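Here is what each chain is made of, one letter per residue.
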Amino acid sequence: MSVNKATVAGVEVSTDHWINGKRVSSAKRFTNISPVDGSVLCEVAAGGKAEVDMAVEAARKAFPAWAALGPKGRLPILKKFAEGIRARVNELAAVETMDNGSLLVGNVMRVAPRAAQNIEFFAEWALTLEGHSIDSPEVVNHVHYDPAGVAALITPWNAPLMLTTWKVGPALAAGNTVVVKPPEWAPLTCSLMADIAHAAGVPAGVLNVVQGIGEEAGDALVNHPDVDRISFTGSTDTAKIIGQAAARSITPMSAELGGKSPFIVCADADLDAAAQTVAAQYMNAGQVCLAGTRVMVEKSIEAPFLEKVRGAAAHMVVGDPRDKDTRVGPLIHKEHFERVAGFVERAKADGAVPLWGGNRANFGELYFEPTLFANVDPKLEIAQREVFGPVLTWQSFSDDDEVIALANGTDYGLAGTLFSKNEKRAMAIADKVTAGTLWVNCFFIRDLAAPFGGARSSGIGREGGTWSFDFYSDIKNISVRKGSFA
Ligand code: NAD
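Let us look at the structure shown here. Remember, predicted model here, so these are calculated numbers, not experimental data.

**Thoughts on the sheet that holds strand S19 (residues 415–419)**
Strands belonging to one sheet form pairs held by backbone hydrogen bonds; the direction of such a pair is parallel or antiparallel. Strands sit in the order S16-S17-S18-S15-S14-S19-S20 across an open sheet of 7 strands; the sheet is mixed. Since the sheet does not close on itself, it has two edges, and those belong to strand S16 (353–356) and strand S20 (437–440), each with one partner. Between one strand axis and the next, the sheet turns by 25 degrees as a mean value, whatever way the strands run.

Following this line, the structure appears as structure tokens:
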């Protein structure tokens, strides 16, 4: 039992684990530094095997009663959980901004409200899963969505509250209990989430949070023999390690991973809207998995469109993410800054030419200029690997086959964006681009009922709507011979 706390953005946050309805400390701690100004926010409990064992045991013990409530029994508790998030939107947003440097206005307007929606939406959707049956000549097949058991949920730092609730929502709604391992570079909103769930009446052991380093707490969690599902969002490299653990125990794993998504602009597009949307890829310093970082422009409009993008990009103000005019905040961490700067330096050495940006921004240690590279051979590292910073590449195309080949020319397949006013042409290109989500004349719009995930190295499986329940449930068919009951 412990009472380790920090005050961040005026909000009191526990810096310990949340296990079996209680705060639990660890002797070992890690330092949490704000990317906004480099200040030390707090020392956070660094869990390992012992804490993971406690959390999984608590989750296992809590599972039968939580599962037995059924979707209707869980609904009021989860609705209260969502209301609790809504009541604390401003606090959650402010803490998230200090913790990971994401834009405050975006966190208040979209991210924190969406976290509440993640919980409520899936709690309500779970009601629709009951009572499905398939009629056959001899039998009736009753389809049951049985809760799977204990789900291990691991998330990254770029949107911890949003991405964690995207997993917690359906996992709990489906009747599972969960152990969350938050990202060590932004662990705090997951801690607040545990308090909110507790206050809403989520029983002890149903939602557990073990803080810690990926290679320690995360590794212990994915290798725990009593875990029934592993849901991971993060980098493709980490997914390959976790996938080995999942394979050893044949534990179903879902993975939402990195991307290098194409942003295709056809000559017949609304060029002003397209240019604004290209510039928006710099938001949150480009630390957005779905960002369309490879801009592909039809040759006939290349020069005028570049000027439009230049104009729109000039409004991407680099600065303090708490300032409402800022569009590009800091990179998360010194290590990540060096990674991004390394990509940029190697791109220059490879012959790519920065049309703007390419250096540390004149604002603070972790701030990087919005950057656009031209003269980019598709085989270059800068056109192939995810940078996860405010760095775009510019390529041109002459016909649709060429742009489809260019778009599909990486190992990734997370998303894509396409601007064209010609419906037939737009849909024909969209049909051939390999991606989990393809936006046409829009960007970043997501309905929780729609499937979400990535192709190729961008992921395994789909979540959202029914797809989330397919993953978090053991689907059973009770096949009953017609007329066989007395
Ligand atoms: P990461 O893979 O380094 O870490 C993600 C999480 O995994 C963290 O909580 C970390 O502690 C944990 N982890 C690390 N090693 C582990 C191990 N061996 N065992 C278990 N857990 C371990 O990723 P990151 O740098 O935090 O996040 C950035 C990446 O996430 C980018 O590639 C980005 O595209 C991707 N991402 C994808 C989506 C999506 O929905 N597809 C959303 C956001 C971010």
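The discussion continues.
**What to know about the side chain of Glu463**
For Glu463, the position within the fold is in strand S23 (residues 462–463). No salt bridge is formed by the buried Glu463; its nearest oppositely charged neighbour, Lys167, is found at 4.2 Å. In terms of polar contacts, Glu463 uses its side chain to reach the side chain of Ser254, at 2.5 Å.

**Considerations on the site of the ligand**
Around the ligand, the structure places 28 residues, and the nearest of them are Lys181, Glu184, Ser235, Thr238 and Glu386. Taking Thr155, its main chain carries an N or O atom lying 2.8 Å from an oxygen atom of the ligand. Notes on the ligand: free accessible area 850 Å², of which the protein chains cover 91%. Broken down by class, the residue content of the shell around the ligand amounts to 14 nonpolar, 9 polar and 5 charged. Counting contributing residues, the shell around the ligand receives three or more from each of domain 1 (5–257 + 454–478) and domain 2 (262–440).

**Comments concerning the nonpolar core**
Ranked by size, the top nonpolar core spans 69 residues in total, and within it Phe81, Val168, Leu172 and Leu207 carry the most contacts. Summarising the domain contributions, this core has at least three residues from each of domain 1 (5–257 + 454–478) and domain 2 (262–440). In this view, Leu172 contacts Trp66, Arg74, Leu78, Phe81, Thr177, Val178, Val206 and Leu207; residues no more than four positions away in its chain are not counted. Grouped together as the second largest cluster of nonpolar side chains are 42 residues, Phe263, Ala313, Leu372 and Val391 included.

**Side note on the sheet that holds strand S8 (residues 139–147)**
Overall, antiparallel pairing links the 3 strands, which are arranged S7-S8-S24 in an open sheet. At either margin of the open sheet sits one strand with a lone partner, and together these are strand S7 (132–135) and strand S24 (473–481). Adjacent strand axes in the sheet meet at a mean angle of 25 degrees, parallel and antiparallel pairs treated alike. For S7 and S8, the ladder comprises 4 bridges, and the chain directions are antiparallel. When the bridges of S8 are listed, Ser133 appears paired with His142. Packed onto the sheet, helix H14 (residues 465–472) meets S8 and S24 and runs at close to 85 degrees relative to S24.

What counts and how
Residues numbered from 1 in each chain as written. Predicted model: local features only at pLDDT ≥ 70, side-chain atom pairs only at ≥ 80, totals over all residues. Heavy atoms only, no water. Pairing = 2+ DSSP bridges. Helix = DSSP H or I, 4+ residues; strand = E, 2+ residues; numbered from the N terminus. Axes fitted to C-alpha atoms, helices over the stretch in contact; angles between N-to-C directions. Buried < 20%, exposed > 50% of the residue type's maximum accessible area, 1.4 Å probe, protein only. Lys, Arg positive; Asp, Glu negative; His and termini not counted. Salt bridge = Lys/Arg side-chain N within 4 Å of Asp/Glu carboxyl O. Polar contact = N/O pair within 3.5 Å; in protein donor to acceptor, adjacent residues only side chain to side chain. Near = heavy atom within 4 Å. Areas by Shrake-Rupley, 256 points an atom, 1.4 Å probe, with all protein chains shown as cover. Nonpolar A, V, L, I, M, F, W, Y, C, P; charged D, E, K, R; others polar. Domains from an automatic or database assignment. Core = buried A, V, L, I, M, F, W, Y, C linked by side-chain atoms within 4.5 Å. Contact = heavy atoms within 4.5 Å.

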